[in-house]
Amino acid sequence: RRHTRYIGDWSSDVCSSDLLEVKMTQPKPRPTIAEMVRYQPNLGAPVTDRVIRLSANEGAFGPSPKALAAMEKQSNLLHWYPEEEPVELAEKIASKYDLNPENMVFGCGSDELIMAICQAYLDPGDEAIHTEYGFIMYPMSTKVAGGSPVPAPDNNFKVDVDSILDCVTSRTRVVFLANPNNPTGSYLSRNEVARLHSKLPKDVLLVIDAAYSEFVVRNDYSSGAELVDKYENVIMLRTFSKLYSLAGLRLGWGYAKPHILDALHVVKQPFGANRAAVAAALASLDDQEFIDKAVEHNEKWRTWTASKFEELGLNCLPSITNFLMVKFPNDDGKTANDAGSFLASRGIMTRGMSGYGAPDYLRLSIGTEDEMKIVVKNVAEFLRGE
């Protein structure tokens, strides 16, 4: 008898008496990948008449009307690839924030740039420091690149510069700093960030993720751009997902010296800034009325919501962003997990913090005035056992 054995794209005839043993296995990822769990955003909508989505720190008002109009004009050009690097957008950003347009890189959200940084600067065994309650994509991207993530303990949910410095070793290659921080909402002052940088070895890359900087109303805060202009080992990351409400278009940007940008361009995908996103971003930067409205609304309703939660006996971490991290009791039926389930049953989506090592907390974004009043009302009913 003859048997046909198919292997890959080719076949071979072999006798039944001398069939080759073929070990049937499945492709296996690297061990560091196999042990990881994929990122799980809480974006699934519950089955209710109305959904209030406060789980992803999205903008309260949606995009600027000018951004929507600009995006619509691109509909007849979507069969064309965009520019590899959008020069007009770089110049517009540079003009708005007094930056050098030649020192910018764009990506499919700042997440792509975080991943590219790890791929460009980490060899297996190299270390990347992140803060205890920092953005979860930092350790995940570090592991994907084969590096070792090193958590620096926070001090009462706030980034501690000395704690970060204590973690620096001869294997440290990158330090990730979210400022303001997600998910806690805290921030480091301009002087503290400068102190951190001054103590780092010159061959360690400091990544300042300023995704929420547009919401900040503080005199002692800086996004970190001035450090980029002065030094060779700093990159600042920004995004159009938060204040500009373009999360669905995925557009982030980085600011760094040319030698850093050169490294990132080697590993990141080309055409990461799509045509519709660039058009919407250009229009958003011009809509100062929308920007001012979003910042003013956020300040007012974050403060109001935090005060109402405090009146209900809940503790809110101090925040300068468009979200709050709220602590719930550890009593049966009153926990953060219980609260999250209760709110979801009412169509209100929040973000549990167990994945960040803070199971007693929920994080929720600042939505519209109506949405925040509904949230407070429902939390009060939950605490009363209704």
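For the structure itself, consult the block above.
Quick caveat, the model's predicted, so the values are computed rather than measured. (Residues numbered from 1 in each chain as written. Predicted model: local features only at pLDDT ≥ 70, side-chain atom pairs only at ≥ 80, totals over all residues. Heavy atoms only, no water.)

Novice: Help me understand the overall build of the protein chain in this model?
Specialist: When helices and strands are counted, the protein chain shows 13 helices and 15 strands. With respect to the three principal axes, the spread of C-alpha positions in the protein chain is 80 × 55 × 55 Å. Restricting to contacts in the protein chain with at least 6 residues of sequence separation, those with at least 24 account for 73%. Surface summary for the protein chain: the accessible area is close to 18,800 Å², and the carbon and sulfur share equals 50%. In the protein chain, which carries 41 positive and 51 negative side-chain charges, the distance between the mean positions of the two groups comes to 3 Å. (Helix = DSSP H or I, 4+ residues; strand = E, 2+ residues; numbered from the N terminus. Contact = heavy atoms within 4.5 Å. Areas by Shrake-Rupley, 256 points an atom, 1.4 Å probe, with all protein chains shown as cover. Lys, Arg positive; Asp, Glu negative; His and termini not counted. Charge placed at Lys NZ, Arg CZ, Asp CG, Glu CD.)

Novice: Quick question: what am I supposed to make of the sheet that holds strand β10 (residues 252-256) here?
Specialist: Within a sheet, each strand pairs with its neighbour through backbone hydrogen bonds, oriented either parallel or antiparallel. Spatially, β4-β10-β9-β8-β7-β5-β6 is the arrangement adopted by the seven strands of the open sheet, whose pairing is mixed. Of all strands in the sheet, those with a lone pairing partner are β4 (104-107) and β6 (148-152), marking the two edges. Going from strand to strand, the sheet's axes swing by 20° on average, the running direction of each strand aside. Pairing of strand β5 (residues 127-131) with strand β7 (residues 172-178) involves three bridges; the strand directions are parallel. Opposite I129, over in β7, you have V175 as the bridge partner. Against the sheet, helix α3 (residues 87-97) contacts β4, β9 (234-239) and β10, and its axis sits at roughly 120° relative to β4. (Pairing = 2+ DSSP bridges. Axes fitted to C-alpha atoms, helices over the stretch in contact; angles between N-to-C directions.)

Novice: How should I be thinking about the sheet that holds strand β12 (residues 323-327) in this particular structure?
Specialist: If you trace the four strands from one edge of the open sheet to the other, you get β11-β12-β15-β14, paired in antiparallel fashion. Edge positions in the open sheet fall to β11 (315-316) and β14 (351-352), since each of these has one partner strand only. Examined bridge by bridge, β14 and strand β15 (residues 361-365) share two bridges and lie antiparallel to one another. Bridge pairing in β15 places G352 opposite L362.

Novice: Just checking my understanding: could you explain the pairing of β9 for this structure?
Specialist: One face of the sheet, then the other: side chains in a regular strand alternate in exactly this way. β9 sits mainly inside the fold: six of its six residues count as buried. Summarising the sheet, strand β8 (residues 205-209) and β9 pair through four bridges and their orientation is parallel. Counted as the bridge partner of V207 is I235 from β9. Pairing between β9 and β10: five bridges, direction antiparallel. (Buried < 20%, exposed > 50% of the residue type's maximum accessible area, 1.4 Å probe, protein only.)

These results come straight from atomic positions and should not be treated as a statement about function.
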